[in-house]
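Spelled out from the first residue to the last, the chains are:
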Amino acid sequence: MSPKKGRVFSGARPTGRQHLGNYLGAIKNYVALQDEYECVYCIVDLHALTTMETTEDLRANSYEMALDWLAAGIRPDESIMFIQSHVPQVTELHTILSMVTPLGKLTDLPTFKEKVRQQPHNVNYGLVGYPVLMTADIALYKADAVPVGVDQGPHLEFARETVRSFNFHFKTNALIEPQMKVTEVPKVIGLDGQNKMSKSLNNHIELAATPEETTKRVMTMVTDPQRMRRSDPGNPDVCNVFSMHKIFSSGEEVSMVNVECRRAGIGCVDCKKMLARNMNTYFDPFRTRREQLAQNPQAVWDVLHDGARRARAIAEKTMVEVRDAIGLP
Ligand code: SF4
């Protein structure tokens, strides 16, 4: 195995069964990064608490998400995969970093303002400190790099500034400024052909869906709105089905659809059937692996607990340096 380039950290909220948007936007990249980096992947349950109305599904959602990550190819013997709250050091570092973070900087963040707009009835303290907790997540594991989409750049910049501020304040190098590993994250449009794929809009396809369910969902996809009849020529450039073909179909099939759609040589029904078939072939190994893993839920929890144990070892080492730098008695 070639030596790794460094350590990457990434976290995601426990949203339960993952969908195509999660897969293409994050999980696929998580799997690929393992070849080059030591990877630390965290299910951020504490972050989820800032916007949650109920915690009823938190445990089940964490489990389902872990199951999908493993089935997709996260290798737990190489990568550290765990649940955020299983490493209590993160809350300690969060508290410490909050002392070097000006409140105004947090309340001025566009993401905070957006959350206030979305949940005016629940502007909790955790919501304000969210970016500080995120910084603690990254800094605790001394991540060299964090994979981010271009639009997430400002979040990481905040983390970098906070780390700089801590190191400057306490004249230390205990924390590492993480680098951005900008990744091209495709914006995956949902079945409605308009909005980003999301569970809340019910415009998604779950990775764990059966082939039949997947086909049924694909058949509901909105296509080129100008193509009303089978005999009308279509425009694949504005059709989400075509965007998906580019991901799941062969080069020849993509070229064929590109040509035939424009001259009404192929109908949308056949075009979608082809896409569903290719998607099902693509996710066949994933589904087999998921079914196997699901037969032994305890083994999935064991992976998460083992990951937490390894994460705590790194975290405690960092915290020893942090406490020492501050001069905590
Ligand atoms: S034929 Fe395919 S690419 Fe063309 S509009 Fe229909 S679904 Fe979209």
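For the structure given in this document, a descriptive report is provided here.

About the cut-offs
- Residues numbered from 1 in each chain as written.
- Predicted model: local features only at pLDDT ≥ 70, side-chain atom pairs only at ≥ 80, totals over all residues.
- Heavy atoms only, no water.
- Phe/Tyr/Trp six-rings, centres within 6.5 Å; stacked < 30°, edge-to-face > 60°.
- Helix = DSSP H or I, 4+ residues; strand = E, 2+ residues; numbered from the N terminus.
- Buried < 20%, exposed > 50% of the residue type's maximum accessible area, 1.4 Å probe, protein only.
- Lys NZ or Arg CZ within 6 Å of the ring centre and 35° of its normal.
- Near = heavy atom within 4 Å.
- Nonpolar A, V, L, I, M, F, W, Y, C, P; charged D, E, K, R; others polar.
- Pairing = 2+ DSSP bridges.
- Salt bridge = Lys/Arg side-chain N within 4 Å of Asp/Glu carboxyl O.
- Axes fitted to C-alpha atoms, helices over the stretch in contact; angles between N-to-C directions.
- Parallel < 35°, antiparallel > 145°, perpendicular 65-115°, else oblique.
- Left-handed = near helix turned anticlockwise from the far one by under 90°.
- Contact = heavy atoms within 4.5 Å.
- Expected span 1.5 Å × (residues − 1).
- Bend = angle between axes of the 7 residues up to and from the residue.
- 1 Å grid on protein atoms, 1.4 Å probe; cavity = no way out; pocket = protein on both sides within 12 Å on 5 of 7 lines; lining within 4 Å.
- Points joined across faces, edges and corners; volume = space filled by probe spheres on them.

**Digging into the packing of aromatic side chains**
Here's step 1: Per the stated rule, a full pass over the model turns up 13 aromatic pairs.
Here's step 2: Taking the centre distance of 5.1 Å and the plane angle of 85° together, the rings of phenylalanine 248 and tyrosine 282 count as edge-to-face. Highlighted residues: phenylalanine 248 in helix H11 (residues 240-248) and tyrosine 282 in helix H13 (residues 268-294), separated in sequence by 34 residues.
Here's step 3: Under the relative-accessibility criterion, phenylalanine 248 is labelled buried at 8%.
Here's step 4: Geometry around tryptophan 301 places arginine 59 over its ring, the cationic atom sitting 4.3 Å from the centre.

**What to know about the site of the ligand**
Here's step 1: Taken together, Thr223, Asp224, Arg227, Cys239, Val241, Phe242, Val257, Cys261, Cys268 and Cys271 make up the full set of residues adjacent to the ligand.
Here's step 2: Elements that contribute at least two residues to the shell around the ligand include exactly H11, helix H12 (251-262) and H13.
Here's step 3: A class-by-class count of the residues in the shell around the ligand yields seven nonpolar, one polar and two charged.

**Some remarks on the pairing of strand S1 (residues 7-12)**
Here's step 1: Examined bridge by bridge, S1 and strand S2 (residues 38-43) share six bridges and lie parallel to one another. The residue bridging arginine 7 from the neighbouring strand is glutamate 38, located in S2.

**Remarks on the pattern of salt bridges**
Opposite charge on two side chains permits them to pair, given that their charged atoms come into close proximity.
Here's step 1: Under the defined criterion, the tally for this structure stands at 23 salt bridges.
Here's step 2: Between glutamate 64 and arginine 17 there is a salt bridge, with its nearest N and O atoms 3.4 Å apart. On the criterion of sequence distance, the pair formed by glutamate 64 in helix H3 (residues 58-72) and arginine 17 in the loop between S1 and helix H1 (20-33) is long-range, its members being 47 residues apart.
Here's step 3: The partner of glutamate 260 in a salt bridge is arginine 263, with the nearest N and O atoms 2.5 Å apart.
Here's step 4: Three or more residues are tied together by salt bridges with common partners; here these are Arg17, Glu64, Asp68, Glu206 and Arg290.

**Comments concerning the packing of H1 against H13**
Here's step 1: Following both chains from N to C, one finds H1 and H13 inclined at 50°, their axes separated by 14 Å at the closest point. The orientation of H1 relative to H13 falls into the category oblique. Where H1 crosses over H13, the two elements pack in a sense that is left-handed. Contact with H1, carried on its side by Leu20, Tyr23 and Lys28, involves Met279, Tyr282 and Phe283 of H13 and no other residues of that element.

**Topic: H1**
Here's step 1: An ideal rise of 1.5 Å per residue puts 20 Å on 14 residues; H1 measures up with 19 Å between its terminal C-alpha atoms.
Here's step 2: A maximum bend of about 40° is found in H1 at alanine 26.
Here's step 3: Of all the positions in H1, only Leu20, Gly21, Tyr23, Leu24, Ile27, Tyr30, Val31 and Leu33 are classed as buried.

**Considering empty space enclosed by the protein**
Here's step 1: Summed over all chains, the structure comprises two cavities of 30 Å³ or more.
Here's step 2: Roughly 110 Å³ of volume is contained in the largest cavity.
Here's step 3: Along its surface, the largest cavity is lined by 14 residues, and Arg227, Cys239, Cys261, Cys268 and Cys271 are the ones closest to its centre.
Here's step 4: Those elements that provide at least two residues to the lining of the largest cavity are H11, H12 and H13.
Here's step 5: Each pocket or cavity is described by its volume, and for the second largest cavity that value is around 40 Å³.
Here's step 6: As for the second largest cavity, its lining consists of Leu20, Ile205, Glu206, Leu207, Thr214, Met279, Phe283 and Arg287.

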